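Chain by chain, the residues:
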Amino acid sequence: MSATRPTALPLVAPRRPAPVLARVVRTQRLTPHLARVVLGGPDLRPLADPVCADSYVKLGFLPDGTLDDCPLGDDGRVDLAALRASLPDGVQVRQRAYTIRAWDPGTREMTLDFVVHGDEGLAGPWAAAASPGDRVLVHGPGGAWDPRPDVDVHLLVGDASALPAVAVGLERLPRDAVGAAFVEVHGPDDEIALDAPAGVTVTWLHHGDAPAGSTLPEAVRAWPTPAGRIGAFVHGEAGAVKELRAHLRTHGVARADLSISGYWRLGADDESWRASKKAWNAQIEAAEAAAGLD
């Protein structure tokens, strides 16, 4: 008699924890186009400590005053069902993802840097106008990348949207690391101090009135590709990232040694880009497979 096989149970994706309610502790205008917001307070206690160089959170925005009496559950997280029931018709939480620039586990304070272009966008204007006591929802943290310890050369590339992750990545490199970082911002006044090892050359690029991200592909193509195994972190505008990926993959950077993603896309708002990003990435992966790239 054959043994009875147990019935396979359907796989159920783990439920994402509800967000926490964070309060603005302090703000700082770092450059003309970069605003820093520090979030904190006891309501951040349920968050896990971020561990990756590219650790990020998703911020949830609602109209002013909506979160003043935000309902919390027994676990200290937001009661999403009660919050949604309290919202006026047609009002929904709008999310944006941001890299954690710094985290203090003792004070439970989280530092986030925002690109600001006047009234353009959602999170930028919020950060520019934020003041202590303002509230925002925080999901996360997520993240997957740290500088690889087993590569010979490190390459970090990003526009202003990726500057916080590049900054953390440079700080986490071994002090004897070698390589290069290419960082694009609007102009010279938007450059900030970066803690890079002596062997990692930092090149600042300025796009000015040209589209953001447009200077990066040419700069990286002009970089003399060094011998040895390269570990690369490349993030920013999707079109520029696509060009950079093609260049690096055809110049021997293995897929496993490459952290690369379009944080945003010219001509698309955040919601539409997130909706199309999976298909965009799948097309690129298929093209690389057809070209025989590992």
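Structure's up top.
Residues numbered from 1 in each chain as written. Predicted model: local features only at pLDDT ≥ 70, side-chain atom pairs only at ≥ 80, totals over all residues. Heavy atoms only, no water.

Next up on the list: helix H6 (residues 270-290). Relative to the 30 Å expected for 21 residues at 1.5 Å per residue, H6 spans 30 Å between its end C-alpha atoms, a close match to the ideal helical length. At Ser-276, H6 shows its largest bend, some 45°. For H6, the complete set of buried residues consists of Trp-273, Trp-280, Ile-284 and Glu-288. Those residues of H6 hidden inside the fold are in contact with helix H5 (238-250) and strand S11 (258-264). Gly-292, located one to two residues past H6, shows a positive phi value of around 80°. (Helix = DSSP H or I, 4+ residues; strand = E, 2+ residues; numbered from the N terminus. Expected span 1.5 Å × (residues − 1). Bend = angle between axes of the 7 residues up to and from the residue. Buried < 20%, exposed > 50% of the residue type's maximum accessible area, 1.4 Å probe, protein only. Contact = heavy atoms within 4.5 Å.)

Below, the discussion takes up the sheet that holds strand S6 (residues 135-142). Taken in spatial order, the six strands close into a barrel running S1-S2-S5-S4-S3-S6, and their pairing is antiparallel. Across the sheet, the axes of successive neighbouring strands diverge by a mean angle of 45°, strand direction being ignored. Packed on one face of the sheet, helix H3 (residues 163-172) meets strand S2 (34-40), strand S4 (94-104) and strand S5 (109-115) and runs near 25° to S4. (Pairing = 2+ DSSP bridges. Axes fitted to C-alpha atoms, helices over the stretch in contact; angles between N-to-C directions.)

Two side chains bearing opposite charge may form a pair once their charged atoms approach each other closely. Under the counting rule described, the total for this entry stands at 19 salt bridges. Note that Asp-257 is salt-bridged to Arg-148, the shortest N-O span being 3.3 Å. Here Arg-148 lies in the loop between S6 and strand S7 (153-158) and Asp-257 lies in the loop between H5 and S11, a separation of 109 residues in the sequence. According to the relative accessible area criterion, Asp-257 is buried, its value standing at 8%. When its relative accessible area of 32% is taken as the criterion, Arg-148 is described as partly exposed. Among the ionic pairs, Asp-195 bridges to Arg-175, the shortest N-O distance being 3.1 Å. With Asp-195 in the loop between strand S8 (178-185) and strand S9 (199-206) and Arg-175 in the loop between H3 and S8, the pair connects residues that are 20 residues apart, well separated along the chain. Of the residues examined, Asp-195 reaches a relative accessible area of 44% and is grouped as partly exposed. Here Arg-175 falls in the partly exposed class, since its relative accessible area comes to 45%. Connected through shared salt-bridge partners, Arg-94, Arg-96, Asp-270, Glu-271 and Arg-274 make up one network. (Salt bridge = Lys/Arg side-chain N within 4 Å of Asp/Glu carboxyl O.)

Glancing now at the packing of aromatic side chains. Pairs of aromatic rings are described using the distance from one ring centre to the other and the angle between the two planes. Within this structure, the stated rule accounts for six aromatic pairs. Taken together, the aromatic side chains of Phe-61, Tyr-98, Phe-114 and Trp-126 make up a single cluster linked through ring pairs. The aromatic ring of Trp-280 is capped on one face by Lys-242, whose charged end is 5.2 Å from the ring centroid. (Phe/Tyr/Trp six-rings, centres within 6.5 Å; stacked < 30°, edge-to-face > 60°. Lys NZ or Arg CZ within 6 Å of the ring centre and 35° of its normal.)

A separate point is the packing of H5 against H6. Contact pair H5 / H6: the axes reach a minimum separation of 12 Å and the direction vectors enclose 20°. One finds that H5 runs roughly parallel with respect to H6. At the point where H5 passes H6, the crossing takes the right-handed sense. Only Trp-273, Trp-280, Ile-284, Glu-285 and Glu-288 of H6 make contact with H5, whose side of the interface consists of Ala-238, Gly-239, Lys-242, Arg-245 and Arg-249. Here the residues of the contact of H5 with H6 sort into four nonpolar, one polar and five charged. (Parallel < 35°, antiparallel > 145°, perpendicular 65-115°, else oblique. Left-handed = near helix turned anticlockwise from the far one by under 90°. Nonpolar A, V, L, I, M, F, W, Y, C, P; charged D, E, K, R; others polar.)

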